[in-house]
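Secondary and tertiary structure notes
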Amino acid sequence: MIPEKGKVPQSFRVVLSGNPNSGKSTVFNAMTGLNRHTGNWAGKTVENASAFYSFEGDNYEIIDIPGIYSLEAFSKDEQEAVDLLKNSSYDVLVIVADATCLERALLLCISELELCSNAVVCLNLSDEAKKRNIDIDHKKLAGLLQAPVVPTSARSKAGIRELKAEIAGQAALSRKLRVCSFSKCRFEGEPDNATLARTIAEETVSCKSEDCFKRDRKIDNIVLTKKYGVPLMLLMIFAVFWLTIVGANYPSELLRSMFSEIEAALVSLFEAVNINETLKSAVIYGMFRTSGNVVSVMLPPMAIFSPLFNLLEDSGLLPRIAFNTDGLFNSAGTNGKNALTMCMGFGCSACGVTSCRIMGGGNDRKISVLTNSLVPCNGKYPSLILLSGFILGSGEKNSFLSALVVFLFVLAAIGVTFVATKLLSVLFGGKRSSAFVLELPPYRRPQFLKTVLLSLKDNTLKILGRAVIVAAPGGLVLWLLQNTDVNGVSALSAMSSALDPAGRFLGMDGVIIAAFILGWPANEIVVPIMLTCYPGFSAIGNSGTAQDIYSVFTANGWTAVTAVCTMLFFLFHFPCATTVLTIKKELSSLKLTILAFILPTSIGIALCCAVSALFRLTALF
């Protein structure tokens, strides 16, 4: 905006605080125009984020901090938020309160108003409150709190301009004398915060229906029961895999065909301009072909799986999964919050490691970080889906069975996570360092188009972009290894041959082990590296269908045992480079980082040895 004539632009610092799952990050996005990933569950935001916006000629830095319930911190993410509130300088505090549950929100609101005088209460989710026939007298509420109260619906950006205007007013006051106007002395008897919150809520909130959350309770009476809860959860996970496999077949083949045509066009172009043959081979058959394999194999499954997973998240089902699995995690020595970090790990292991901040300090958080890589991340699913088709002989014709195979492998990963969690709990002394306090958010109708588009942008394209960035130079390295002579054979062949005895012992081969090692920067490129290394794949280039790929595998000695062991090693092997660096950053311990590297790899080696030995033993009889 253009400043008023003669006005000198100023800069202000604004902190956005509130309970978990009150819509803080959505308010942050609405105010700044960004698309920070949000979720319908507590603990989605685990670190501070800042951005800038302008209003009436002035500049504002707004900081979105992790959700808290009080000014007492019980986990690392809460500690970051409380430290900023108590020890940093800022001009305005925006307290985001959930309009559907005002009494609970007021507990924090009262404490923060006593801490900071220049505050604005953002009464978010006002549209949901209206749908539930909850009416709040926000003017009376503002009078009782002695602070501006602005009703908003951040998802539709309703009330955001009014919120910015109130922030601007408070920002102007912040440069003058600051006097805290809120005092419990104005209420008879100086009650504690809980009683005071109830008193204020009773005076300002009215509900036209007898039970504002009747629908949610009806659903929870099914979803949260021992009889139906876990089976429904498993059914949803299976459905996600099945839809991913069914939907990914055709676009994968279409992409392979497209890259094959582009490759042919590049060959013609390079020949037309007389490009050096070595350079042509390195760029086209090394960098481009490897990148094309990554995109055609990885993009369709990720483009389907990630939005489906985020739709479940947006609906409010993920916290119910944590609730249903609390007993299992408790028996393993931790609590149900681990399910939330595990769900984040299903998307990206590095993000899952960061989300472990919600676990609290001490052993619970360390164990959660160390075991997060035991569940497959988004980058592994396309490979698992492809390999499951090889076990069954056909990916497209047996999509249901292929989904079942992947589902069983994922269940195995979850089971191993419980066992590893229990063992680590015993190793670290069995000391519990945090309690399980989980808020169940209301069920919401997911914003389908927005969720899908943001998922494609923030998850699929970001992960795929990282994979391609790694794949292009990785393809060049592969080409150099293939074209560097070592005692009459290529360096890649020499490397694969050296690793072949170990690979055979694990039920795989040297090419597979080499692909895992060379694919350490990103799991997404492991299978494309295998395809590039095997003789015969160059003949089909990027146009190969799933059946063509299976033919190459078979021609190079693959059996169902090879596929099973490779899938197991995909589940349990060293975390990718990004995840390892994230673990080192989060735990600040080289020893624990090495343990996080060794733990899944040891499990993978042990399981592959067992499966390979079992099949060899079976073959003798």
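Provided above is the structure to which this section pertains.
Structure report, in brief. Being a predicted model, the structure only gives us computed values, none of them experimental. (Residues numbered from 1 in each chain as written. Predicted model: local features only at pLDDT ≥ 70, side-chain atom pairs only at ≥ 80, totals over all residues. Heavy atoms only, no water.)

**Here's the deal with the packing of aromatic side chains**
- For the coordinates displayed, the defined rule picks out 15 aromatic pairs.
- The interplanar angle of 10 degrees and the centroid separation of 5.0 Å between the aromatic rings of Tyr53 and Tyr60 together place this pair among those described as stacked.
- On the basis of relative accessible area, Tyr60 is assigned to the buried category, the value being 1%.
- Considering the side-chain rings of Tyr534 and Phe553, the 6.2 Å spacing of their centres and the 75 degrees angle between planes classify their relative orientation as edge-to-face. Of this pair, Tyr534 sits in the loop between helix H21 (526-533) and helix H22 (537-540) while Phe553 sits in helix H23 (residues 546-555), placing them 19 residues apart in sequence. The residues Tyr534 and Phe553 share a single accessibility class, namely buried.
- One aromatic cluster in this structure is built from Phe390, Tyr534, Tyr550, Phe553 and Trp558. (Phe/Tyr/Trp six-rings, centres within 6.5 Å; stacked < 30°, edge-to-face > 60°. Buried < 20%, exposed > 50% of the residue type's maximum accessible area, 1.4 Å probe, protein only. Helix = DSSP H or I, 4+ residues; strand = E, 2+ residues; numbered from the N terminus.)

**Remarks on the nonpolar core**
- Ranked by internal contacts, the top residues of the largest apolar core, which has 95 residues, are Met530, Phe553 and Trp558.
- It is helix H17 (residues 399-427) that contributes the most residues to this core, 12 residues altogether.
- The residues touching Trp558, leaving out its near neighbours within four places in the chain, are Leu387, Phe390, Asp509, Ile512, Met530, Tyr534, Phe553, Ala563 and Thr566.
- Counting 38 residues, the second-largest nonpolar core is a separate cluster that includes Tyr90, Ala99, Ala142 and Leu196. (Core = buried A, V, L, I, M, F, W, Y, C linked by side-chain atoms within 4.5 Å. Contact = heavy atoms within 4.5 Å.)

**Considerations on the packing of helix H16 (residues 381-392) against helix H24 (residues 560-571)**
- Look at H16 against H24: their axes get within 9 Å of each other, and the N-to-C directions meet at 160 degrees. With respect to each other, H16 and H24 are oriented roughly antiparallel. Crossing of H16 against H24: the hand is left-handed. From H16, Ser383, Leu384, Leu387, Ser388, Phe390 and Ile391 reach across to H24, where they touch Ala560, Ala563, Val564, Thr566, Met567, Phe570 and Leu571. (Axes fitted to C-alpha atoms, helices over the stretch in contact; angles between N-to-C directions. Parallel < 35°, antiparallel > 145°, perpendicular 65-115°, else oblique. Left-handed = near helix turned anticlockwise from the far one by under 90°.)

**A look at the pattern of salt bridges**
- Following the criterion strictly, the structure yields 12 salt bridges and no others.
- Among the salt bridges present, the one from Glu61 reaches Arg13, with a minimum N-O distance of 3.6 Å. Taken together, the positions of Glu61 in strand S3 (residues 58-64) and Arg13 in strand S1 (residues 11-18) put the pair 48 residues apart, joining distant regions of the chain.
- One network of salt bridges, in which partners are shared, links Glu80, Arg357, Arg365 and Glu586. (Salt bridge = Lys/Arg side-chain N within 4 Å of Asp/Glu carboxyl O.)

**A short note on unusual backbone geometry**
- Look at Glu56: it is not a glycine, yet its phi comes out positive at around 50 degrees.
- With respect to the helices and strands, Glu56 occurs in the loop between strand S2 (49-55) and S3.
- Phi is positive for Gln146, which is not a glycine, with a value near 55 degrees.
- Position of Gln146 among the secondary structure elements: in the loop between helix H5 (138-145) and strand S7 (149-151).

**Overview of helix H9 (residues 229-272)**
- If you check H9, its first and last C-alpha atoms are 64 Å apart, about what 44 residues at 1.5 Å a residue would give, namely 64 Å.
- A bend of about 35 degrees at Ala248 is the largest found in H9, and the proline Pro251 appears one to four places after it.
- Asn274 occupies a position one or two residues after H9 and carries a positive phi of about 55 degrees. (Expected span 1.5 Å × (residues − 1). Bend = angle between axes of the 7 residues up to and from the residue.)

**Brief notes about a nonpolar patch on the surface**
- On the surface, Trp242, Leu243, Val246, Phe400, Leu401, Leu404 and Leu408 cluster together into a nonpolar patch covering about 590 Å² of accessible area.
- Every element with two or more residues in the nonpolar patch is listed here: H9 and H17.
- At four residues, H17 tops the list of elements feeding residues into the nonpolar patch.
- Looking at the secondary structure, you find Phe400 in helix H17. (Patch = residues over 30% accessible without salt bridge, like charges linked within 9 Å, V, L, I, M, F, W, Y side chains within 5 Å. Areas by Shrake-Rupley, 256 points an atom, 1.4 Å probe, with all protein chains shown as cover.)

**So, the sheet that holds S3**
- Within the open sheet, the six strands sit side by side as S2-S3-S1-S4-S5-S7. Their pairing is mixed. In the strand order of this sheet, the two ends are held by S2 and S7, each with one partner. If you compare each strand with its neighbour and ignore which way they point, the axes differ by 25 degrees on average.
- Pairing of S1 with strand S4 (residues 92-98), which is carried by five bridges, proceeds in the parallel orientation. (Pairing = 2+ DSSP bridges.)

**Remarks on the environment of Gly23**
- Following the sequence through the fold, Gly23 ends up in the loop between S1 and helix H1 (24-32).
- Through-space distance from the C-alpha of Gly23 to that of Asp98 is 7.7 Å; in sequence the pair is 75 residues apart.

**Overview of the pairing of strand S5 (residues 119-124)**
- With six of six residues buried, S5 is to be regarded as a mostly interior element.
- Neither face of S5 is exposed, since Ala119, Val121 and Leu123 on one face and Val120, Cys122 and Asn124 on the opposite face are all buried.
- With six bridges connecting them, S4 and S5 associate as parallel partners. For Val96, the partnering residue across the bridge sits in S5 and is Cys122.

**Points about helix H7 (residues 193-204)**
- Taking 1.5 Å per residue, 12 residues should reach 16 Å; H7 reaches 16 Å between its end C-alpha atoms and fits that length.
- All buried positions along H7 are accounted for by Asn193, Leu196, Ala197, Ile200, Ala201 and Thr204. Along H7, the residues classed as buried sweep out an arc of 130 degrees about the axis, all on the same side.
- Contact partners of the buried residues in H7: helix H3 (102-115), strand S6 (134-136), H5 and strand S8 (205-207). (Arc of directions from axis to C-beta.)

**Remarks on the packing of helix H10 (residues 277-315) against H16**
- Where H10 contacts H16, the two axes come as close as 8 Å, and the packing angle between them is 110 degrees. The angle between H10 and H16 places the two elements in the roughly perpendicular class. Contacts from Val297, Met298, Pro301, Met302 and Phe305 of H10 reach H16 at Tyr381, Pro382, Ser383 and Ile385.
- Across the contact of H10 with H16, the residue classes break down as eight nonpolar, one polar and no charged. (Nonpolar A, V, L, I, M, F, W, Y, C, P; charged D, E, K, R; others polar.)

**A word on the pairing of S3**
- Counted residue by residue, S3 has five buried out of seven residues, so it is predominantly covered.
- Both S1 and S3 contribute to a ladder of six bridges, which runs parallel. Opposite Val14, over in S3, you have Ile62 as the bridge partner.
- When S2 meets S3, the two strands line up antiparallel, connected through seven bridges. Each bridged residue has a counterpart across the sheet, and for Ser54 the counterpart in S3 is Asn59.
- What sits between the antiparallel neighbours S2 and S3 is a turn of two residues, in which Glu56 has the positive phi angle 50 degrees.

Purely spatial values, then, with no claim about function.
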